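Each chain, written out:
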Amino acid sequence: MKTSDIHDVAVVGAGPSGLSVAYELTRMGFTPLVLERTPAVGDVWRNHYDDVRLNTGRFFSALSGSEFPRSAGAWPARDQVVQLLETFPTRGNFTVRTGIEISKVHYDRERDIWLIMSNDNQQFESRAVVMAIGTCRIPVIPEWTGIETFSGKIVHSSKFRRAQDYTGKHVLVVGSGNSAAEIASRLTEYASSVTMSIRTPPHILPKSICGIPFVGWGIWLKHLPHNFIDILLDFLQRRTTGDLTAYGLPFPAISLTKQFAESNVVPILYGPFANDVRAGRIKIVGPIQKISKETVEVLSTVESALNSDQATTALQPDVIIAGTGFYTGIPELVQVSGIADEKGRPRIWSDQEFEGAPRLYFIGQVNPLSGLLREIRFEASKIARKISKQLRKK
């Protein structure tokens, strides 16, 4: 086991969150230890599916010291995001150690430092730690009854690359988030059929209103009472998206603010999705009940799931694409009792601290209506200022 010198600050993760906080810390005179599990900075975005673009727009997606150029257009594409991320360390004058998977973060109370252990038994010591691991760390595929018997292929949405790869296939997309909706729509151009299995009806809103990205309106909305936000967004969905009940997709039974509080899920902003549902290019069914070899049994409609109606439909997809979310792994990674809730989400974020875990911070764990990247920029600045004050005092 190797023991390093004691660093002032360790940043775990070098995605948008980790790079932003490292940039801010460097500006304040620190030399942060930045650890990234992938082989190269920008790999997470580099491995996204073709043609993916930021739903938050160029202006509202600027990170610390890093704005997208005008040449990126209104909605920066994957490769433009990758370029911004991979050049971040050079522009910010800090370095990133790649290919280091962190397995445990532990607080040594006697020495008042944090111990960070990697999978290959490297140990790093730091006075402060910023967890910038994001919310998409561990892909989750539900343990559907009979899943082990499925004769087709099951792919998590994070592994989806090109819609062309599914030409001529019958595809079942599971989930109702932004990724699942966009993947389903992109598949309609190539797959023989696209069916979408949904448990909870999603909120579907326009990506921009009057030329302003939805997150721009979200900045204003977040200062309003929740009941007013829900009334306004419900009205907006009915006016822009319309009623898709006749196509198997009823209006959400739960308000957007309540749904976000429970699952941190934002509305679908991918425009073509509603049109594809309305045109029959995407067939909507309820959640999966069981799998038996080539057959997948689902509830016939989303209403069935809501009303406990047990009518089912048998499908025979060649491929199941699971847009079923991720698990943070924080309870296992961060060895602090009670640091995460029952869903594995941290109980603190931004510059908040948890009792018994001094100088431990989480960034990029909340995806608000005002836009994740924009909030990361503010969180990075707050965290860096807080750490600077704490360490200079020590």
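Parameters at a glance
- Position labels on residues start from 1 in each chain and follow its written sequence.
- Under the rules for a predicted model, residues below a pLDDT of 70 receive no local features and side-chain atom pairs below 80 are neither given nor counted, while totals for whole chains, interfaces and linings still include all residues.
- Side-chain metrics in this entry use all non-hydrogen atoms of the structure; hydrogen atoms and water are not considered.
- Put simply, DSSP H or I for four residues or longer makes a helix, DSSP E for two residues or longer makes a strand, and each gets a number counted from the N terminus.
- Atoms counted for the radius of gyration: C-alpha only. Globule rule: 2.2 Å times residue count to the power 0.38.
- The rule is simple: take the accessible area with a 1.4 Å probe, protein chains only, and divide by the maximum for that residue type; under 20% is buried, over 50% is exposed, in between is partly exposed.
- For the accessible areas, the method is Shrake-Rupley and the probe is 1.4 Å, while residue cover comes only from the protein chains on display.
- In this tally, Lys and Arg are treated as positive and Asp and Glu as negative; His is ignored, and so are the chain termini.
- Where a charge sits is defined by one atom per residue type, namely NZ (Lys), CZ (Arg), CG (Asp) or CD (Glu).
- Note on pairing: two strands pair once DSSP finds at least 2 bridges between them.
- Axis lines are fitted to C-alpha atoms, over the contacting stretch for helices. Their N-to-C directions set the angle, which ranges from 0 to 180 degrees.
- In plain words, nonpolar cores are sets of buried Ala, Val, Leu, Ile, Met, Phe, Trp, Tyr and Cys residues tied together by side-chain atoms within 4.5 Å.
- Contact criterion: two residues are considered in contact whenever any of their non-hydrogen atoms come within 4.5 Å of each other.
- Salt-bridge detection follows one rule: a side-chain nitrogen of Lys or Arg within 4 Å of a carboxyl oxygen of Asp or Glu.
- For this analysis, a ring pair means two rings from Phe, Tyr or Trp (six-membered ring only for Trp) whose centres lie within 6.5 Å, classed as stacked if their planes differ by under 30 degrees, edge-to-face if by over 60, and tilted for the remaining angles.
- Both a distance and an angle decide whether a charge sits over a ring: NZ of Lys or CZ of Arg must be within 6 Å of the ring centre and within 35 degrees of the ring normal.

## A word on the overall build of the chain
On a plain count of helices and strands, the chain comes out with twelve helices and 19 strands. A compact globule built from 394 residues would reach a C-alpha radius of gyration of about 21 Å, and the chain, at 22 Å, matches this within 12%. Within the chain, the fraction of its 394 residues that count as buried is 52%. As displayed, the chain offers around 18,400 Å² of accessible surface, 50% of which is attributable to carbon and sulfur atoms. Considering the chain, the positive charge centre built from 45 side chains and the negative charge centre built from 39 side chains are found 5 Å apart.

## Details of the sheet that holds strand β14 (residues 288-292)
Pairing is antiparallel in the open sheet, where three strands are placed in the order β14-β15-β16. Of all the strands in the sheet, just β14 and β16 (312-315) have a single pairing partner and so form its edges. The mean inter-strand angle of the sheet, taken between neighbouring strand axes irrespective of direction, is 20°. Of the pairings in the sheet, the one linking β14 to strand β15 (residues 295-299) comprises four bridges and is antiparallel in character. Each bridged residue has a counterpart across the sheet, and for Ser292 the counterpart in β15 is Thr295.

## A look at unusual backbone geometry
If you check the backbone angles, Asn121 has positive phi at about 70° while not being a glycine. When you line up the elements, Asn121 lands in the loop between β5 (113-118) and β6 (122-131). In this structure, Cys210 takes a positive phi of about 55° despite not being glycine. By the secondary structure assignment, Cys210 is in the loop between β11 (208-209) and β12 (212-213).

## Some thoughts on the nonpolar core
One finds Val173, Leu187, Met196, Phe273, Ile321 and Ile387 to be the most contacted residues of the largest nonpolar core, which totals 65 residues. Those residues in contact with Ile387, other than ones at most four positions away along the chain, are Val9, Leu25, Ala128, Val130 and Tyr361. Judged by nonpolar contacts, the second largest core, of 24 residues, contains Trp114, Ile133, Ile339 and Ala357.

## Observations regarding the environment of Leu333
Within the secondary structure layout, Leu333 lies in helix α11 (residues 330-333). Taking the C-alpha atoms as reference points, Leu333 and Asp318, separated by 15 residues in sequence, lie 36 Å from one another. Not counting chain neighbours up to four residues away, the residues in contact with Leu333 comprise Ile102, Ser103, Lys104, Val105, Met131, Ile133 and Arg137.

## Things to note about the pattern of salt bridges
Taken as a whole and assessed by the stated rule, the structure comprises 18 salt bridges. Between Arg281 and Asp276 there is a salt bridge whose closest N-O contact spans 2.7 Å. Taking the shortest distance from any N to any O, the salt bridge between Glu375 and Arg374 comes out at 3.1 Å. Overlapping salt bridges bring together Arg37, Glu101 and Arg137 as one network.

## Here's the deal with the side chain of Arg137
Tracing the sequence through the fold places Arg137 in the loop between β6 and β7 (138-139). Contacts of Arg137, omitting those with residues within four sequence positions, involve Arg37, Glu101, Ile102, Phe326, Tyr327, Thr328, Gly329 and Leu333.

## Considerations on the packing of aromatic side chains
Aromatic ring pairs are described here by two measures, namely the spacing of the ring centres and the angle between the planes. For the structure shown, the criterion picks out six aromatic pairs. Here Tyr107 and Trp114 contribute two aromatic rings whose centre-to-centre distance is 5.0 Å and whose plane-to-plane angle is 40°, an arrangement assigned as tilted. Assessed through its relative accessible area of 11%, Tyr107 is described here as buried. Residue Trp114 is classed as buried on the basis of its relative accessible area of 0%. Ring geometry for Phe160 against Tyr166: centres 5.5 Å apart, planes inclined by 15°, an arrangement best described as stacked. For the residue pair Phe160 and Tyr166, the accessibility class agrees, reading buried in each case. By way of ring pairs, the aromatic residues Tyr23, Phe88 and Phe94 are connected into one cluster. Between Lys207 and the ring centre of Trp75, over which it is positioned, the NZ or CZ distance is 4.4 Å. Here the basic side chain of Arg238 rests over the ring of Phe251, its NZ or CZ set 3.8 Å away from the ring centre.

## Some remarks on the pairing of β5
In terms of burial, β5 is a largely internal element, six of the six residues being buried. Residues of β5 alternate between two faces, with Ile113, Leu115 and Met117 on one and Trp114, Ile116 and Ser118 on the opposite face, all of them buried. Sheet topology places strand β4 (residues 102-108) next to β5; six bridges connect them, and they run antiparallel. Of the residues in β5, the one forming a bridge with Val105 is Ile116. From the end of β4 to the start of β5, which pair antiparallel, there are four residues, and Asp112 there has a positive phi angle of about 60°. Across four bridges, the pairing between β5 and β6 is antiparallel. Residue pairing in the sheet places Trp114 in a bridge with Ser126 of β6. Hairpin connection of β5 to β6: three residues between the antiparallel strands, including Asn121 at a positive phi of 70°.

Such coordinate-based values are descriptive only and should not be taken to indicate function.
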